[in-house]
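Given next are the chains, with one letter for each unit.
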Amino acid sequence: MSRTVFCAMAGVFALVAATAAIPLGSPAAAVSDSIVIGGQPAHVKDSPWVVALSSRDRFGETRAGQFCGGVVVAPKKVLTAAHCLNREALGVDVGELRDLRVISGRDVLRGTGGQEAPVQAAWSNPGFDPTTNAGDLAVLTLADALPAKSVIPMAESGDAAYEPGTGAVVYGWGDTTGNSDYASSLRSAEVSVLPDSLCRQAYPGGRDGTYDASAMLCAGELLGGHDACQGDSGGPLVARGRLIGLVSWGNGCARVGSPGVYTRISAAIGWMPGGS
Ligand code: 4AZ
């Protein structure tokens, strides 16, 4: 993960936790010249399916241990990115993470609203390819059910929500500037589903990664300016009231000509546990 494309804020924090306050390495370099992601405050009362993943053991108390986003797709089932849970991101195997929690119903990370649910089981897609980022999806099972109103439906293959030009919204507590200015309260940014051809062009392979339309979804703005960034990984991309993507990777954040790349939900419904 030393190439331009780097997606886990988790990795940054694990690094910081492990080595104290050293300057950020390649992740910061990847986004240091990016522009703001162009978001605005969002509220879980309007988007109750957005959750934060937390481990205070690994990432400290400052942001309630937040290191990635997630999304509730069934009362006991939360989707996130596989790269959020790998050893590189966490510094330990996810099975060793005793205090992995799903924070729901809370806008302000350090606030007391909502709840922190322990994770009963974590399943990471064994087919996830950390080199291309294809198949970047994991499923967390909660011991206790969240309210049914917290669940967002997943858009199946052929759903109009995947059509290029469709307006979509991405949510998270990630970096708002590309300079490690992490949000303390939930934010959202409006983007558009972009044609696969744009991401194929932007990410033809090699240094900036390889876009695979069968597993990934391209979204952003033609002129940049609105995007997900570090710390947003695993969080939802929503269009027409349905989940179409999970924040996965990109070249920096909000750069012209470097759209965001998302895990394509329709491609995973068939093989994710309990997906169909
Ligand atoms: C990340 O590091 C990350 N602009 C997430 C999304 C994007 C870039 C990086 C897309 O988690």
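Residues numbered from 1 in each chain as written. Predicted model: local features only at pLDDT ≥ 70, side-chain atom pairs only at ≥ 80, totals over all residues. Heavy atoms only, no water.

Peer 1: Explain the pairing of strand β6 (residues 115-124) here, please?
Peer 2: Residues in a regular strand project their side chains so that they alternate between the two faces of the sheet. By the bridge criterion, four bridges tie strand β5 (residues 101-104) to β6 in an arrangement that is antiparallel. What sits directly across from V102, in β6, is A117. Pairing geometry for β6 and strand β7 (residues 138-142), over five bridges, is antiparallel. If you follow A122 over to β7, its bridge partner there is L140. (Pairing = 2+ DSSP bridges. Helix = DSSP H or I, 4+ residues; strand = E, 2+ residues; numbered from the N terminus.)

Peer 1: I'm lost on empty space enclosed by the protein in this one. Help?
Peer 2: A probe as big as a water molecule, rolled over the atoms, marks out the empty space that is left. Within the structure shown, the criterion is met by three cavities of 30 Å³ or more. Size it by volume and the second largest cavity reaches roughly 60 Å³. Classifying every residue of the lining of the second largest cavity gives six nonpolar, four polar and three charged. (1 Å grid on protein atoms, 1.4 Å probe; cavity = no way out; pocket = protein on both sides within 12 Å on 5 of 7 lines; lining within 4 Å. Points joined across faces, edges and corners; volume = space filled by probe spheres on them. Nonpolar A, V, L, I, M, F, W, Y, C, P; charged D, E, K, R; others polar.)

Peer 1: How should I be thinking about the environment of E190 in this particular structure?
Peer 2: If you trace the backbone, E190 turns up in strand β9 (residues 187-193). A relative accessible area of 47% places E190 in the partly exposed class. Separated by 48 residues in sequence, E190 and V238 have C-alpha atoms that sit 9.7 Å apart. Residues within four places of E190 in sequence aside, it is in contact with Q40, A168, V169, E221 and H226. (Buried < 20%, exposed > 50% of the residue type's maximum accessible area, 1.4 Å probe, protein only. Contact = heavy atoms within 4.5 Å.)

Peer 1: Help me understand the state of the cysteines in this model?
Peer 2: In protein chemistry, a disulfide is the covalent bond that joins the sulfur atoms of two cysteines. The tally for this structure, following the rule as stated, stands at three disulfides. Each sulfur in the disulfide pair C199 and C218 lies 2.1 Å from the other. Taking the torsion about the S-S bond as the criterion, the C199 to C218 disulfide, at about 80°, is right-handed. Taken as a pair, C199 in helix α6 (residues 196-202) and C218 in strand β10 (residues 216-220) lie far apart in primary sequence, 19 residues in all. Just as C199 is buried, C218 falls in that class too. Paired through a disulfide, C229 and C253 show a sulfur-sulfur distance of 2.0 Å. Around the S-S axis, the bridge from C229 to C253 shows a dihedral of about 80° and counts as right-handed. Highlighted residues: C229 in the loop between β10 and β11 (236-239) and C253 in the loop between β12 (242-249) and β13 (260-264), separated in sequence by 24 residues. Classification of C229 by relative accessible area gives buried; the value is 5%. The connectivity of the disulfides in the protein is 1-2, 3-4, 5-6, where the numbers refer to bonded cysteines in sequence order. (Disulfide = S-S within 2.5 Å.)

Peer 1: Which parts of the structure should I look at to understand the side chain of D175?
Peer 2: Turning to its location among the elements, D175 is positioned in the loop between β8 (167-172) and β9. The buried charged residue D175 lacks any salt bridge partner; its closest oppositely charged side chain belongs to R63, at an N-O distance of 9.2 Å. Polar contacts involving the side chain of D175 include one to the main-chain amide nitrogen of G178, which spans 3.0 Å. Looking at D175, its side chain comes within polar contact range of the main-chain nitrogen of N179, at 3.4 Å. (Lys, Arg positive; Asp, Glu negative; His and termini not counted. Salt bridge = Lys/Arg side-chain N within 4 Å of Asp/Glu carboxyl O. Polar contact = N/O pair within 3.5 Å; in protein donor to acceptor, adjacent residues only side chain to side chain.)

Peer 1: Sorry, what's going on with the sheet that holds β6 here?
Peer 2: Working definition: the strands of a sheet are paired by backbone hydrogen bonds and lie parallel or antiparallel to each other. If you trace the six strands once around the closed barrel, you get β2-β3-β4-β7-β6-β5, paired in antiparallel fashion. The average angle at which neighbouring strand axes cross in this sheet is 40°, direction not considered. Bridge analysis of strand β2 (residues 50-54) against strand β3 (residues 66-74) gives five bridges, and the strand direction is antiparallel. In the strand pairing of β3, A52 is matched with G69. (Axes fitted to C-alpha atoms, helices over the stretch in contact; angles between N-to-C directions.)

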